[in-house]
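# Observations on chain architecture
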Amino acid sequence: QVQLVESGGGLVQPGGSLRLSCAASVRLFSVYAMAWYRQAPGKQRELVASIFSSSVTNYADSVKGRFTISRDNAKNTVFLQMNSLKPEDTAVYYCKATSPTTSRTYWGQGTQVTVSS
């Protein structure tokens, strides 16, 4: 079973930065595809960024050039560095892991990011 715990959310001003962390309790973390999603009030959950076991990454157009997803396999952790934050980035951010063998997905509890002046 996979357990994910997000942290690092908070309140920042527009233009500020935050780094989110997702700690995974899982065997063979390095083989899992990892992703960050977000959900704003009244909106559907959307994919923000993903990173695969090969370290290949992709990003939503809305965050390209501002956000960076990375992973530290030695620490079973995936990160989301968020720079130049905008009010529209305000959302609950969720970590997701996908098993390469079963395709089952696992979700963290979410961490709130609020961008406001």
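Residues numbered from 1 in each chain as written. Predicted model: local features only at pLDDT ≥ 70, side-chain atom pairs only at ≥ 80, totals over all residues. Heavy atoms only, no water.

Okay, the overall build of the chain next. Each helix and strand in the chain was counted, giving 0 helices and 11 strands. The C-alpha radius of gyration of the chain comes to 13 Å, within 12% of the 13 Å expected for a compact globule of 117 residues. The burial tally for the chain puts 44% of its 117 residues in the buried class. If you take every contact in the chain between residues at least 6 apart in sequence, the share linking residues at least 24 apart comes to 53%. Counting every atom, the chain has about 6,200 Å² of accessible surface; 48% of that belongs to carbon and sulfur. Side-chain charges in the chain split into 12 positive and 6 negative, and the spacing between the mean points of these groups amounts to 6 Å. (Helix = DSSP H or I, 4+ residues; strand = E, 2+ residues; numbered from the N terminus. Rg over C-alpha atoms; globule rule 2.2 N^0.38 Å. Buried < 20%, exposed > 50% of the residue type's maximum accessible area, 1.4 Å probe, protein only. Contact = heavy atoms within 4.5 Å. Areas by Shrake-Rupley, 256 points an atom, 1.4 Å probe, with all protein chains shown as cover. Lys, Arg positive; Asp, Glu negative; His and termini not counted. Charge placed at Lys NZ, Arg CZ, Asp CG, Glu CD.)

Right, let's talk about the pattern of salt bridges for a bit. All chains considered together, the criterion is met by 4 salt bridges. With a shortest N-O distance of 2.7 Å, Arg-38 and Glu-46 are connected by a salt bridge. Between Asp-61 and Lys-64 there is a salt bridge; the shortest N-O distance is 3.1 Å. We note that Asp-61, like Lys-64, is exposed. A single network of salt bridges, built from pairs that share partners, joins Arg-38, Glu-46, Arg-66 and Asp-89. (Salt bridge = Lys/Arg side-chain N within 4 Å of Asp/Glu carboxyl O.)

Here we come to the nonpolar core. Core analysis: the biggest nonpolar cluster contains 31 residues, and Leu-4, Met-34, Trp-36, Leu-80, Met-82 and Tyr-93 have the highest contact counts within it. At the level of elements, β3 (18-25), β4 (33-39), β5 (46-51), β7 (67-72), β8 (77-82), β9 (91-98) and β11 (111-115) are the ones that each hand at least two residues to this core. (Core = buried A, V, L, I, M, F, W, Y, C linked by side-chain atoms within 4.5 Å.)

By the definition in use, this model includes 1 disulfide. Between Cys-22 and Cys-95 runs a disulfide, and the two sulfur atoms are separated by 2.1 Å. When the S-S torsion is -85 degrees, as for the bridge of Cys-22 with Cys-95, the disulfide is left-handed. With Cys-22 in strand β3 and Cys-95 in strand β9, this pair connects stretches of sequence that are 73 residues apart. (Disulfide = S-S within 2.5 Å.)

Attention now goes to the packing of aromatic side chains. Tallied over the entire structure, the rule returns 2 aromatic pairs. Geometrically, the ring pair formed by Tyr-37 and Trp-107 is edge-to-face, given 5.0 Å between the ring centres and 65 degrees between the ring planes. Separated by 70 residues along the polypeptide, Tyr-37 in strand β4 and Trp-107 in strand β10 (residues 105-107) bring together distant segments of the chain. Taking 6.4 Å as the distance between ring centres and 85 degrees as the angle between the ring planes, the aromatic pair formed by Tyr-94 and Trp-107 counts as edge-to-face. (Phe/Tyr/Trp six-rings, centres within 6.5 Å; stacked < 30°, edge-to-face > 60°.)

Our focus in this paragraph is the pairing of β7. Alternating residues of β7 divide into Phe-67, Ile-69 and Arg-71, all buried, and Thr-68, Ser-70 and Asp-72, none buried. The pairing of β7 with β8 spans 6 bridges and is classified as antiparallel. Bridging from a neighbouring strand, Ser-70 pairs with Phe-79 of β8. What sits between the antiparallel neighbours β7 and β8 is a turn of 4 residues, in which Asn-76 has the positive phi angle 50 degrees. (Pairing = 2+ DSSP bridges.)

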